[in-house]
Each structure stands twice: as C-alpha cells, then as structure tokens.
Amino acid sequence: MQYFKYFLAFILSMFILIPLMMAVTISLNPSNTDILANMGSWKSFIPQVFSFDNYRAVWSDPYHPFGLYLFNTFLITSISLTLSLVVNSCAAFSLAWGEGKYRKYILAAIISVLAIPGESLVLPQLLMVSKANLVDTYAVQILPGLANAFFIFLFYQFFSKIPKDLIDAARVDGFSLFQTYLKIALPLSKPVCVTVCILHFLGIWNSYLWPIMVTRGPEVRPLSVAMAAYFGSNQTQWGNVMAFAVCMAIPVIIFFLIIQRQFIASITGSSVKG
Amino acid sequence: MKSYRRFLPEVGMLLPAIILMVVFIFIPFFLSGYFSFTNERLMPRPIPTQWIGLRNYERILADSEFWMSVKNTLYFAIVVIPIQLSLALASAILLNSKLKFIAVFRGITILPILTPITVIVVIWAAIFQTPDGLLNGIYQWLTGSSDYIDWLGDEAIAMLSIVLLSIWASFPFQMLIYLAGLQEIPKDRYEAAEIDGFNKWQQFRYITFPGLRNTNIFVVIITTIGALSLFTQVNILTGGGPNGSTTTIIQYMFSNGFSSQKIGYASAVSVIFFIAVASLGLLQRRLMRNE
C-alpha cells in the first residue's frame, strides 16, 4: 500500500513537472531545428544542452523590452499591494470599531459585491477609463483592483475578534480611532496582511482580460500580458518564448516555495474560514 | 450637527475604500445595465447614443454565435468540474497521508498555482504543437501509428485540449482547499471506524466525504464560477476557433465589446453573464444546504 502511494505521488509529480521542465529544457536549447525535432520525445523535457543564447535574445529584443516589462510589473505590484493593504484594512477597522449604526448597511453592501463577477464589469470600466484618458497608464492597472470586498471582509473578521478591552484601553489613553488602528490593530494583523498580499499578488499575476484592454503598447504593459504578446509575435521561436516564460516565472516560484508554509496557510485559511 | 461630527474620523477611514468601490464597482455595475439598453460605442461617433430598448437582448438571443458560446462554456464546465474536483480530492487524500518527502510532493503539486496563467498557456501551446509536439509523441507511442491529432485545430478536440490545460492549471488550488478540509476532520473518528472494522472505502464514504461537506460547497461554487469565466486560455490559444468551437461567453463579450467596440451590445452579454453566475451561486447554495 505504502509503495503504491509513493508510485501515485511520483506520477502526480511527473504530471506537474514535465510541462515545467519542458519550458526550461527548450529555453536552454539554442537551435530551433533541434527543439522541433525533439519536441515529441523525452528529450523535450530533459535538458541535453545548456546555452543561454535564448535568454540573451529575450533580454535584448528591442520590440519586447523585457527589462521594462519587469519594471512595470514590479511598480504596479508594489504600489497595488501597499495601497490595497492600507485602504482595505483601514475601512475594515472603521467598520469593526466605529460607532455609527450605518456600518451594518455598508458591510451588507460590501458583502453583496462578492457576488458580482469582475468580468461583467470590464466593459463599462473600459468606457469610463477611456473617457478619463487613463488608457495606457499605470493608474488604470492599479486603481480598479484596490478596494476589494473580500480583503475588507478578511480584515473585518480579524479586527472584530480583537478584545474590546484593548480598544477601550487605547481610547482611555487618548488614542483616536485612527491611532488605535495604526498603532495597535494593524501590527496585530500581520497574518491577514500576508494573506491579502499573496492573494492580491496572485490576482495581478494572473489578470489578463483587463490589462489587454487597457494597455496598447509596451510602455506600461506588465509581464503577464507581454508574455502572451511575445508568444503571438514569436510563435515558432520556441527557444525564445520559453526563455521569456522561465525568466518571468522562476523568481516568483522560488520565492513562494521558500515561504511555502505561509503561502498554503494563506490560501486555505482565507477560503475555508471565509 | 455635533452628533454627526462624532462620526467624521471613522467615516474618513472608510471613505477611500467606499469611493473606489463606488467608482469601479457600483457605477460600472449600473452602467452595464443601462448600456445594455443603448447602442453605446467605445469610440465617440457623430450620431449620439440612443436608447434602443430590448433590441440588444433580442439580437443576442437570435445570434447563433452567442448560443454556440453558451454551449461551449457549459460543455467546458460540465467536463472540467467533475474531473478537476475528483483529481483535486484524490491528490489531497494522497498528500495528506504520512509519506517520506511529503513536503516535496506537496511543493511540486502547488507549482501551477505559482505559475502565471499566460506562462502556463504558452507551455501547453508547445505540448499541443502539431504534428510534432509532446502530446502527439505520446499519442503515437501509445497507438504505434504515425497519425497525429491537431489538438487545437480540430473542432471536435480543441475544447478538450483547453480542458486538459485548465485542469493542470487549477486543480492544485482546489487540492489545497481539500487538504485543509481533510485536516479538520478529527482523527479519532478514523480510529473509532478502524475498531468497528470499516474498510478504507467505508471510511471515505462515511467519514471523509461527509466531513468535507462545507469544503465541497465552497470548492464546487468557485470551480463553477471559474469555469463559466473561461477566457485567457481560449483567447491566447485559439481566439475562439476553429469555427467557433472554443468561443466562450466572455470571449464573445470581449470580441463584441472590445474588438468590435459595441459596448451596448456587449454590456447586454455581461448582464446575462452576471445573472447566470449570480443565480447559479444562489441555486447551488440552496441545493447543498438542503442535502
């Protein structure tokens, strides 16, 4: 039984690994004829040659500036994550510890937003941002995703579990609501912050429909969309395409594997308990 | 007046999120309803936008391409959901057992979650490559013939290829959620069952599966909504072809609203999509609660 389980785990791992190993193997092969000849056999996922020619080609392609895409992605991601942490946690704290009776209506409105699929909003959003001349900017890729009903909900759940005594003590010490949030609640909520950062990052990393509509050229385009465009214009150059894919995916994969425990906790904790 | 002023700080803290939500969620939500009754275009044109009543909806319901996209999307969902969920549950049970190197196996299995969808699509484009890609290599090895299959170019096969790639891309996510669900089932239930002489299948049938009830509700809902929103894979790999055999609802909305710039018409599609997703969510929740 135990051996059979190892066998299954091995099959499962191969099912996952072969496509990824294939990307690496093809990216290391400088000859496109070789790549095509090997594509249908095991040689397509076990490296035979180790050359960085394709990587050099990707990094020096004038029509697809990889460095610029990387910078765009980095900029959009870091600004988005920072602002979304602040905006959502701040709103959640106000909902959890404010005094107004209006809060329950706002909370209900925010929860009802969870039922709206983002895809059904993109067309009016597109019309609005083109009227506001925001197409092809960083802002248009950052702003629409900032306020997130689910993230507010996660923070709200956490903040409402803070003991009332702690909040009252802060008030007695003369802390305003905002100071209580900033100095007491926010530092306590580090695990939620990590979850929100990871989920928001995955959201940006996998978004495609919105960025292809609002970025027309390479100037502000992020990596994920650039990958599709690069594939579109270099379809037969498998070596270059895979080098592009590996360059963008590997750093992120390594980073998340290092924080694997926290990553898994974020995904499962936020979904099951939510 | 004074009593209102008391609320100023807390409202101030709430305001940035509220403004962003109003601008980017509530206004677009109502606009899409409004546009669906007009002939609004993306680029301004000399003739002003007109209210045209239900004409968009009539045209959509009369368009065979729309029904094709609905059929394809449902076909995708019906094929992908059972396979994906059983694979996710099976691998969760496997990776929940005490094996050596279990952390390594888990680490490998979550790799697709960490890989951006566009990269996944491009890698699978190589696997689907016709006639000399890996999948055809496997096919020829299994059948011993030199025939090949046009994985993305054959009308009967293209959607199934999209299914295969989508399963690879998303089952690890569902697996993680099942894994968390499995770990919440108390161990003593299994010990008691073992004493009572339950075999493995009976343990699964009477302990594991009922214990995963809430997890199942959640996973089925998110997987269904995800399946109905299928777009990226199709847009990059086939653009909806060959012959419309892989057009999905979102791809149809995208090509009408963005490529042909018919915002009014495509908004009506997005309203239909919203109603479908929202009511499906409600229906599913009700069904599973009554179980």
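What counts as what
- Residues numbered from 1 in each chain as written.
- Chains lettered and ligands numbered in written order.
- Predicted model: local features only at pLDDT ≥ 70, side-chain atom pairs only at ≥ 80, totals over all residues.
- Heavy atoms only, no water.
- UniProt positions renumbered as here; feature names shortened; annotations may be inferred.
- Patch = residues over 30% accessible without salt bridge, like charges linked within 9 Å, V, L, I, M, F, W, Y side chains within 5 Å.
- Areas by Shrake-Rupley, 256 points an atom, 1.4 Å probe, with all protein chains shown as cover.
- Salt bridge = Lys/Arg side-chain N within 4 Å of Asp/Glu carboxyl O.
- Helix = DSSP H or I, 4+ residues; strand = E, 2+ residues; numbered from the N terminus.
- Buried < 20%, exposed > 50% of the residue type's maximum accessible area, 1.4 Å probe, protein only.
- Contact = heavy atoms within 4.5 Å.
- Buried area = accessible area lost by both parts, 1.4 Å probe.
- Polar contact = N/O pair within 3.5 Å; in protein donor to acceptor, adjacent residues only side chain to side chain.
- Axes fitted to C-alpha atoms, helices over the stretch in contact; angles between N-to-C directions.
- Parallel < 35°, antiparallel > 145°, perpendicular 65-115°, else oblique.
- Left-handed = near helix turned anticlockwise from the far one by under 90°.
- Phe/Tyr/Trp six-rings, centres within 6.5 Å; stacked < 30°, edge-to-face > 60°.
- Lys NZ or Arg CZ within 6 Å of the ring centre and 35° of its normal.
- Core = buried A, V, L, I, M, F, W, Y, C linked by side-chain atoms within 4.5 Å.
- Domains from an automatic or database assignment.

By the naming in an unreviewed UniProt entry, chain B goes by Sugar ABC transporter permease and is assigned to Marinomonas hwangdonensis. Entered under Subcellular location (unreviewed entry) in the UniProt record, the comment concerning chain B runs "Cell membrane".

Going by the annotation in an unreviewed UniProt entry, the name recorded for chain A is Carbohydrate ABC transporter permease, with Marinomonas hwangdonensis given as the source organism. Looking at chain A in UniProt, the text filed under Sequence similarities (unreviewed entry) is "Belongs to the binding-protein-dependent transport system permease family." Database annotation for chain A, UniProt heading Subcellular location (unreviewed entry): "Cell membrane".

Some details on a nonpolar patch on the surface
All names here are of chain A. Together, Met-1, Phe-4, Phe-7, Leu-8, Phe-10 and Ile-11 line one region of the surface with nonpolar side chains, adding up to about 630 Å² of accessible area. By the element assignment, Ile-11 lies in helix 1 (residues 2-27). On the basis of relative accessibility, which here comes to 41%, the residue Ile-11 falls in the partly exposed class.

Some points on the interface of chain A and chain B
Taken together, the contact pairs 92 residues of chain A with 84 residues of chain B. Roughly 7,700 Å² is buried in total at the junction of chain A and chain B, and carbon and sulfur atoms are behind 81% of that figure. Taken together, the connections running from chain A to chain B amount to 1 salt bridge. One salt bridge connects A:Lys131 with B:Glu40, and the closest N-O pair in it is separated by 4.0 Å. Applying the counting criterion to the chain A and chain B interface returns 13 residue pairs in polar contact (both at pLDDT 80 or more).

A closer look at the packing of helix 1 of chain A against helix 5 (residues 102-109) of chain B
Two elements in contact, helix 1 of chain A and helix 5 of chain B, have axes whose closest approach is 9 Å; the angle formed by their N-to-C orientations is 30°. As the angle between them shows, helix 1 of chain A and helix 5 of chain B are arranged roughly parallel. Crossing geometry of helix 1 of chain A relative to helix 5 of chain B is assigned as left-handed. Facing helix 1 of chain A, whose interface residues are A:Tyr6, A:Ala9, A:Phe10, A:Leu12, A:Ser13, A:Ile16 and A:Leu17, helix 5 of chain B presents B:Phe105, B:Ile108 and B:Thr109.

Remarks on the packing of aromatic side chains
For the coordinates displayed, the defined rule picks out 36 aromatic pairs over all chains. Both rings, one in B:Phe37 and one in B:Tyr57, keep their centres 5.6 Å apart while their planes meet at 45°; by these two values the pair is tilted. Within this pair, whereas B:Phe37 is found in the loop between helix 2 (8-35) and helix 3 (55-62), its partner B:Tyr57 is found in helix 3, the two being separated by 20 residues in sequence. A network of ring pairs unites the aromatic residues A:Phe93, A:Phe155, A:Phe158, A:Phe159, A:Phe178 and A:Tyr181 as a single cluster. The ring of B:Tyr206 carries B:Arg205 above its face, with NZ or CZ at 5.1 Å from the centroid.

Brief notes about the nonpolar core
Core analysis: the largest hydrophobic core is formed by 178 residues, its most contacted members being A:Phe93, A:Phe159, A:Trp238, A:Phe244 and A:Phe263. Sorting elements by how many residues they give to this core places helix 9 (residues 158-183) of chain B first, with 14 residues. In this structure, this core is formed jointly by two domains, domain 1 (24-60 + 242-274) and domain 2 (68-233) of chain A, each of which donates at least three residues. A:Phe263 has contacts with A:Ile198, A:Leu202, A:Phe256, B:Ile110, B:Ile113 and B:Leu114, leaving out every residue within four places of it along the chain.

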